[in-house]
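Here are the chains, one letter per residue:
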Amino acid sequence: MSNDTGRSENAASGPVGTVVRTLGRALGDLIALSLWVLVLTLLFLETGWPRWAFYALLLAGVGVYVAVTAAWID
């Protein structure tokens, strides 16, 4: 039985598992950052705030996201 467990652990940590985890992470990042851009865009279109504030909040949001999620990497 230990061979079956070893195989499943090796399969999950092998190249296929790495690709799956990488694609999942990239998709999650894409969704999170796209939602941030969408929220900011709708907010700024509704309020008419200046463009420089949009870009400042956009960069700040991306920076915070990277700082928070960088610690999640194994």
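Enquirer: In this structure, what is going on with the overall build of the protein? I would like to understand it.
Expert: Each helix and strand in the protein was counted, giving three helices and zero strands. Across the protein, helices and strands are ordered from the amino to the carboxyl terminus as α-α-α. Residue burial in the protein is summarised as follows: out of 74 residues, 12% are buried. Carbon and sulfur atoms make up 72% of the accessible area of the protein, which totals about 6000 Å².

Enquirer: Looking at this structure, how should I read the pattern of salt bridges?
Expert: A side chain with one charge may pair with a side chain of the opposite charge, provided their charged atoms come close. One pass over the structure, following the stated rule, counts one salt bridge. Residue Arg 25 is joined to Asp 29 by a salt bridge in which the shortest nitrogen-to-oxygen separation is 3.8 Å. Taken together, the residues Arg 25 and Asp 29, both in helix 2 (residues 15-47) and four residues apart, mark about one turn of the helix.

Enquirer: Is there a simple way to explain the packing of aromatic side chains in this structure?
Expert: Geometrically, a pair of aromatic rings is defined through the distance of the ring centres and the angle of the planes. In total, this model carries three aromatic pairs according to the counting rule given. A ring pair is formed by Phe 44 and Trp 49, whose centres lie 5.3 Å apart and whose planes are at 85°; its orientation type is edge-to-face. Among the residues examined, Phe 44 registers a relative accessible area of 8% and is labelled buried. Summarising the aromatic geometry, the rings of Phe 54 and Tyr 55 are spaced 5.2 Å apart at their centres and angled 80° between planes, so their arrangement reads as edge-to-face. What makes Tyr 55 partly exposed here is its relative accessible area of 46%. By way of ring pairs, the aromatic residues Phe 44, Trp 49, Phe 54 and Tyr 55 are connected into one cluster.

Enquirer: Before we go on, may I ask you to explain helix 2 in this structure?
Expert: An α-helix turns once per 3.6 residues; consequently, residues spaced three or four apart project the same way. With 33 residues, helix 2 extends 48 Å from end C-alpha to end C-alpha; this agrees with the ideal 48 Å at 1.5 Å per step. Every buried residue of helix 2 is listed here: Gly 17, Leu 40 and Phe 44. Count one or two residues on from helix 2 and you reach Gly 48, which has phi positive near 75°.

Enquirer: Where do I start with helix 3 (residues 51-69) in this structure?
Expert: With 19 residues, helix 3 extends 27 Å between its outermost C-alpha atoms, agreeing within 8% with the 27 Å of an ideal straight helix rising 1.5 Å per residue. Against helix 2 lie the buried residues of helix 3.

About the cut-offs
Residues numbered from 1 in each chain as written. Predicted model: local features only at pLDDT ≥ 70, side-chain atom pairs only at ≥ 80, totals over all residues. Heavy atoms only, no water. Helix = DSSP H or I, 4+ residues; strand = E, 2+ residues; numbered from the N terminus. Buried < 20%, exposed > 50% of the residue type's maximum accessible area, 1.4 Å probe, protein only. Areas by Shrake-Rupley, 256 points an atom, 1.4 Å probe, with all protein chains shown as cover. Salt bridge = Lys/Arg side-chain N within 4 Å of Asp/Glu carboxyl O. Phe/Tyr/Trp six-rings, centres within 6.5 Å; stacked < 30°, edge-to-face > 60°. Expected span 1.5 Å × (residues − 1). Contact = heavy atoms within 4.5 Å.

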